[in-house]
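Observations on the model geometry
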Amino acid sequence: MRVRAYFMRLKKQKRHRRSVRFFTTCYGFRSPFKILCDGTFIHHLLVNRITPADTAISNILGGPVKMFTTRCVLAELKSLGETYSDSLNVARDLAPARCDHEKRKSAVACLADVIGESNSEHFFVASQDVDLRKKFKEIPAVPVMFALRNALFLEPPSQSQLQFAKLAEEQRSHMNELERSLLSNKKKRSSETDEQADEASPNETVEDLNKNASRQKTDVKDKVQFKRKRAKGPNPLSCKKKKKENQKPVAKKEVNENVETIRSRSKKRKRSRKPKNVTSATD
């Protein structure tokens, strides 16, 4: 049973990571992921003791998260009475999403206005309302989360979301009007250079034509011409000095004789001194 539960948990984790990868690559979602929660989802987390909620959600999405809610959701929780007082206190600690409604709306209408048609803020919507989740799955860039008992789930992308991503990828593969205009201008320039080459005299070369064409185009900058490196001579300090031809090699014997004469001259002659107080034997 433990092995089966481990493999089921691993399979669910892979499915969630696959869905997150789809939304990050196709719709530009980035971490830290933004989670837009309604009152039903917050109340379910407290009842089933899924705390801390941000760490549980980050384990599913594979990255850091930041949880948000709106003022209309807080007002709806407040209107439900004391049974939802704990949920209201927890919701007040969440980051406030931008809600420009002067009068209080229902949570469903408020979340729909915050998400809009394109979900420009890249929110993950977390709700226990089935109808609300179905509504948001029809919008291309809105991933949906929900909780079941003490487990959290990320719904896989719907068919409409997959189809929209496929069409967007095909549109990116085709050329825009700007790219087409640039390509047509490039073709015109190449045809003009070919015509000039055909009309040129036989003495002129292709290089001369290219130079003339580049001079005519004032908006195109000339390319930087680099100097070629020439081979340098050897370093004179690292070379040995050449021997002179007129110089004769000095014999070793002559050198030794000169050294001996110098040594003999340097030696001082020692003189023997007689003592001063010497009396003759005759006296």
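Above this note sits the structure.
First, a word on what this report is: a plain description of the structure on this page. (Residues numbered from 1 in each chain as written. Predicted model: local features only at pLDDT ≥ 70, side-chain atom pairs only at ≥ 80, totals over all residues. Heavy atoms only, no water.)

Structurally, the position occupied by Gln13 is in helix H1 (residues 2–27). Assessed through its relative accessible area of 34%, Gln13 is described here as partly exposed. For the pair Gln13 and Asn59, spaced 46 residues apart in sequence, the C-alpha to C-alpha distance is 8.8 Å. (Helix = DSSP H or I, 4+ residues; strand = E, 2+ residues; numbered from the N terminus. Buried < 20%, exposed > 50% of the residue type's maximum accessible area, 1.4 Å probe, protein only.)

This part takes up the packing of helix H6 (residues 107–115) against helix H7 (residues 130–137). Running from N to C, H6 and H7 point in directions that differ by 20°, and their axes come no closer than 11 Å. As summarised for this structure, H6 and H7 are arranged roughly parallel, according to the angle between their axes. For H6 against H7, the interelement crossing comes out right-handed. On H7, the residues touching Val108, Leu111, Ala112 and Ile115 of H6 are Leu132, Lys135 and Phe136. (Axes fitted to C-alpha atoms, helices over the stretch in contact; angles between N-to-C directions. Parallel < 35°, antiparallel > 145°, perpendicular 65-115°, else oblique. Left-handed = near helix turned anticlockwise from the far one by under 90°. Contact = heavy atoms within 4.5 Å.)

Right, let's talk about the pairing of strand E6 (residues 151–154) for a bit. Every second residue of E6 is oriented toward a common face, with Ala151 and Phe153 on one face and Leu152 and Leu154 on the other, all of them buried. Looking at chain direction, strand E5 (residues 144–148) and E6 are connected through four bridges and run antiparallel. Bridging across to E6, Met145 finds its partner in Leu154. The hairpin formed by E5 and E6 contains two residues between the paired strands, and Arg149 there has a positive phi angle of roughly 55°. (Pairing = 2+ DSSP bridges.)

Along H6, the residues classified as buried are Ala107, Cys110, Leu111, Ala112, Val114 and Ile115. Where H6 is buried, its residues meet strand E1 (33–37), helix H4 (71–79), strand E4 (123–126) and H7. Once H6 ends, the next one or two residues include Gly116, with phi positive near 75°.

This next bit is on the pattern of salt bridges. Enumeration according to the criterion identifies five salt bridges in this entry. Where Glu121 meets Lys34, a salt bridge forms, and the shortest distance between an N and an O atom there is 3.2 Å. Here Lys34 lies in strand E1 and Glu121 lies in the loop between H6 and E4, a separation of 87 residues in the sequence. The exposure class of Glu121 is partly exposed, given its relative accessible area of 41%. Residue Lys34 is classed as partly exposed on the basis of its relative accessible area of 26%. (Salt bridge = Lys/Arg side-chain N within 4 Å of Asp/Glu carboxyl O.)

The next point concerns the sheet that holds E1. If you walk across this open sheet you meet the six strands as E3-E2-E1-E4-E5-E6, and the pairing is mixed. With one partner strand each, in any of the chains shown, strand E3 (95–96) and E6 form the two edges of the open sheet. Against the sheet, helix H2 (residues 39–47) engages E1, strand E2 (65–69), E4, E5 and E6, with an angle of about 35° to E5.

This next bit is on a nonpolar patch on the surface. Together, Val3, Tyr6 and Phe7 make up an exposed nonpolar region whose accessible area comes to about 340 Å². Tracing the chain through its elements places Phe7 in helix H1. (Patch = residues over 30% accessible without salt bridge, like charges linked within 9 Å, V, L, I, M, F, W, Y side chains within 5 Å. Areas by Shrake-Rupley, 256 points an atom, 1.4 Å probe, with all protein chains shown as cover.)

To continue, consider the packing of H2 against helix H5 (residues 85–92). Across the interface, H2 lies against H5 with an axial gap of 9 Å and an inter-helix angle of 110°. Comparing their axes, H5 and H2 come out roughly perpendicular. Seen along the crossing, H2 lies across H5 with a hand that is right-handed. Between H2, through Ile42, His43 and Leu46, and H5, the contact on the second element is made entirely by Asp86, Ser87, Val90 and Ala91. For the contact of H2 with H5, the class distribution of residues is four nonpolar, two polar and one charged. (Nonpolar A, V, L, I, M, F, W, Y, C, P; charged D, E, K, R; others polar.)

This part is about the packing of aromatic side chains. How two aromatic rings sit relative to each other is set out by the distance from centre to centre and by the angle between their planes. In this structure the tally under the stated criterion is eight aromatic pairs. With 5.2 Å between their ring centres and 75° between their planes, Phe22 and Phe23 make a pair best called edge-to-face. Of the two residues, Phe22 and Phe23, both sit in the buried class. Pairing Phe146 with Phe153 gives two aromatic rings, centres 5.6 Å apart and planes at 20°, and the pair type is stacked. Within the aromatic cluster, the residues linked to one another by ring pairs are Phe22, Phe23, Tyr27, Phe29, Phe33 and Phe124. One Lys or Arg, Lys12, reaches over the ring of Phe153 and ends 4.9 Å from the middle of that ring. Here the basic side chain of Lys34 rests over the ring of Phe123, its NZ or CZ set 5.8 Å away from the ring centre. (Phe/Tyr/Trp six-rings, centres within 6.5 Å; stacked < 30°, edge-to-face > 60°. Lys NZ or Arg CZ within 6 Å of the ring centre and 35° of its normal.)

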